[in-house]
Amino acid sequence: MSANVNATDGGLVAVPQTGAREDLLDIMSVIDAKQTPFLSMVSRGKKPRASEVEWHADAYADPREDAIVDGTDVDATDYENHAANRAKISMYLHQQRRTARIGRVASRISDVAGIKDELSNSLEKKTTELRRDMERVMLSDNECVLGTTSVAAETRGLGKWVQSGAQAVLPVPAAYRTPAAQNITTAMASFAESDIQDLTQAIWDETGGSANLMTFCGSTWKRTFTDMLTSVQAAEGTTTSTPYGTQRVFNNAQGANRISNSVTILAGDFGEIQAVPCPFIGMTSTATVDKDRAYFLDMDKIKLCIGWDPTPEYYEDRGGGPRFMLEVLYLLSVTNPLGMGKHIPA
């Protein structure tokens, strides 16, 4: 009996059917749409001229209330050192690359659905992947590393820039580290608007300026931020321990046929924050994202210093097909961490 004949009823059926053509649509659907908001928003700094880049931080002296007696001359000991608070901060460069090679048959003969040119497709994908690599490093707890002939140099991630304790390598001078009051450790279940107000007040107390902070955060942090500012769940009578499961009271204006429950900006007494969710924030070595994390950043004091941009370098085809490398050299410079903050639940 033929393989194409139904054993019970006879005749030809669609599966299996010898010689049937495959109907493959000319579509390549990529569902991964994760963006790199920090990389897109951070401003460019000066091009590095050495493997270790240095800059200065400074502060004014505290105000004084002392008075002088009329007619008193200036003594040799009266002269002040205007650079007494000046300190040096430094950081190492970070080099990353992505590569690709397409075999001759794959590049010249194969007709892949949704792909007009495998080389162009690989370049587009590797460019996106390299940008994600950079975003991951800068939003991580990565500590800087002094490079050697066998150890790669690394730059510092924001998780280490924004901390009250001394860093293990190239520590920020104590006077310019982020104070403990600006490092929130409150559990997400207890996180409240007052925690943010306390943080912006602490920054104002340190800097004296209104804190207008870009807040790069994980998805759970963003959702908690919205929920705590827009709605409360109604309590059952006088018993607050048993809320209704279906009744909600919204603190913001609602339309007749649309519920709005999203908050991006919170303006308080000492400045405002703008929450931006980041898909690669706090990513660990196992590629696990810290969805509860948030960085509160003064973007005027953060620079991305690029040694060279990720432009493709094509190599000789030695018979294995076209190949190229994308490489970038950069460092993340937080010129003064004193006015920053973060939230990493303990």
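Above this text sits the structure in question.
Residues numbered from 1 in each chain as written. Predicted model: local features only at pLDDT ≥ 70, side-chain atom pairs only at ≥ 80, totals over all residues. Heavy atoms only, no water.

Asks: I'm lost on the overall build of the protein chain in this one. Help?
Replies: The helix and strand tally for the protein chain stands at six helices and 15 strands. Sorting the 346 residues of the protein chain into buried and exposed places 35% on the buried side. Within the protein chain, residue pairs in contact and separated by at least 24 positions form 73% of the contacts whose partners lie at least 6 positions apart. When the accessible surface of the protein chain is summed, it comes to about 21,200 Å², and 50% of that surface belongs to carbon and sulfur atoms. (Helix = DSSP H or I, 4+ residues; strand = E, 2+ residues; numbered from the N terminus. Buried < 20%, exposed > 50% of the residue type's maximum accessible area, 1.4 Å probe, protein only. Contact = heavy atoms within 4.5 Å. Areas by Shrake-Rupley, 256 points an atom, 1.4 Å probe, with all protein chains shown as cover.)

Asks: Any chance you could explain the nonpolar core here in plain terms?
Replies: The biggest cluster of nonpolar side chains holds 45 residues, and the ones touching the most others in it are Phe38, Leu158, Trp161, Leu297 and Ile302. Among all residues touching Leu158, those that are not within four sequence positions of it are Phe38, Met138, Leu139, Ser140, Tyr295, Leu297, Ile302, Leu332 and Val334. (Core = buried A, V, L, I, M, F, W, Y, C linked by side-chain atoms within 4.5 Å.)

Asks: What should I look at first to understand the environment of Leu158 in this one?
Replies: Relative to the elements of secondary structure, Leu158 occurs in helix 4 (residues 158–161). Between the alpha carbons of Leu158 and Glu143 there is a distance of 9.2 Å; along the sequence they are 15 residues apart.

Asks: In this structure, what is going on with the pattern of salt bridges? I would like to understand it.
Replies: Where charged atoms from two side chains of opposite charge come close, those side chains can pair. Here the structure, examined in full by the defined rule, presents 15 salt bridges. The closest approach of N and O atoms between Glu129 and Arg98, which form a salt bridge, is 3.4 Å. Residue Glu129 is located in helix 3 (residues 118–138), and its partner Arg98 is located in strand 4 (residues 94–101); the two are separated by 31 residues in the primary sequence. Owing to a relative accessible area of 22%, Glu129 belongs among the partly exposed residues under this scheme. Salt-bridge contacts for Glu143 lead to Arg156; the nearest nitrogen and oxygen are separated by 2.8 Å. Separated by 13 residues along the polypeptide, Glu143 in the loop between helix 3 and helix 4 and Arg156 in the loop between helix 3 and helix 4 bring together distant segments of the chain. Like Arg156, Glu143 is buried. A network of salt bridges, in which partner residues are shared, links Arg98, Lys126, Glu129 and Asp133. (Salt bridge = Lys/Arg side-chain N within 4 Å of Asp/Glu carboxyl O.)

Taken by themselves, the reported measurements are silent on function.
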